[in-house]
Amino acid sequence: MEYFILQLDETHTPCWPVGNYGKIDAKTLKGKQFYELPKFLSFSVEETVDEFPDLIMKPCFMVSGRVKQVILLYNKSLPFRRILLYSKTQGKSQSYYIPFLEEVDCLTEASQFNMDKSVIRHAVIDGDLLHDKAIVRIKGVNSIYVLIRLDLAESLLERHFMGFDLKETVTLYNGKPIDISAFT
């Protein structure tokens, strides 16, 4: 199966929670277990937000309730933690959910990065290591990268969710690229 990197759509203004450091940033979440996080968290957002997107990548990977429901169709046992983001000046709020994704070291040596491995320029994925999982976090990079399977990507696109884009990868099985013509 083919995989894509889920990323922010550059045309949407990102939504940034304020005062999150040490509570929901990627470093803190990596060191905690699911049960160690409070059952409910809330943060105000920077006042530049016009509308709440369905996907937030920083300070950690979060999705809207609608996206959560789609992800659960592909991974029923994935745990989530709820967060409320609100804008005081606009009087708006939105619930988000942090999925506790398995981290998989699935990038091959053919992948290309920037100097500090915080940006994946070209991703070559070892599909055999993914064991057909629908959504995982890529291990071994210094930023948040979420990998999703083709069928999950199609489900998200069909529902016209806002604020995300897909980056193509090369997926290898048994060391060879998949033959897409076999699926058509």
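Structure first, text after, so check above.
Along each chain, numbering runs from 1 in the same order as the chain's sequence is written. In keeping with the predicted nature of the model, local features appear solely for residues at pLDDT of at least 70, side-chain atom pairs appear and are counted solely at 80 or more, and the whole-chain, interface and lining totals rest on all residues. Heavy atoms from the whole structure form the basis of all side-chain values; hydrogens and water molecules are not counted.

Caption draft 1: The arrangement of the packing of aromatic side chains in detail. Ring pairs are drawn from Phe, Tyr and Trp, using the six-membered ring of Trp, whenever the two centres fall within 6.5 Å, and their geometry is named by plane angle: stacked under 30 degrees, edge-to-face over 60, tilted for the rest. According to the stated counting rule, one finds one aromatic pair in the structure shown. Placement of a positive charge over a ring is assigned whenever Lys NZ or Arg CZ falls within 6 Å of the ring centre and within 35 degrees of the normal to the ring plane. Stacked on the ring of F80, the Lys or Arg K68 has its end atom at 5.5 Å from the ring centre. Just above the ring of Y97 sits the side chain of K68; from NZ or CZ to the centre is 4.4 Å.

Caption draft 2: The packing of helix α2 (residues 65-74) against helix α3 (residues 150-158), seen in detail. The interhelical angle for the contact between α2 and α3, taken along N-to-C directions, is 150°, at an axis separation of 10 Å. Taken together, the axes of α2 and α3 lie roughly antiparallel to each other. Read as a crossing pair, α2 and α3 show a hand that is right-handed. Packed against α2, whose contacting residues are V67, V70, I71 and Y74, the element α3 presents D151, L152, S155 and L156 at the interface. For the contact of α2 with α3, the residue count by class is six nonpolar, one polar and one charged. Axis definition: a line fitted to C-alpha atoms, over the contacting stretch in the case of helices. Angles run 0 to 180 degrees between N-to-C directions. Helix and strand definitions follow DSSP, with helices as H or I runs of at least four residues and strands as E runs of at least two, each counted in order from the N terminus. Should an angle fall under 35 degrees it is called roughly parallel, over 145 degrees roughly antiparallel, and 65 to 115 degrees roughly perpendicular, with every other angle called oblique. Each crossing gets its hand from how the near helix is turned against the far one by less than a right angle, where anticlockwise is left-handed and clockwise is right-handed. What makes two residues a contact is simply this: any of their non-hydrogen atoms within 4.5 Å. Lys, Arg, Asp and Glu make up the charged group, whereas Ala, Val, Leu, Ile, Met, Phe, Trp, Tyr, Cys and Pro make up the nonpolar group; the residues left over, Gly among them, are polar.

Caption draft 3: Looking closely at the sheet that holds strand β2 (residues 40-44). Only strands joined by at least two bridges in the DSSP assignment are considered to pair. One open sheet holds the five strands; their spatial order is β2-β5-β6-β4-β3, and the pairing between them is mixed. Lying at the two open borders of the sheet, with one neighbouring strand each, are β2 and β3 (55-56). Bridge count between strand β4 (residues 62-64) and strand β6 (residues 92-99): two bridges; the pairing is antiparallel. Each residue of the ladder has a partner; that of V63, found in β6, is Y97. The sheet strands contacting α2 are β4, β5 (80-87) and β6, and the helix crosses β4 at an angle near 100°.

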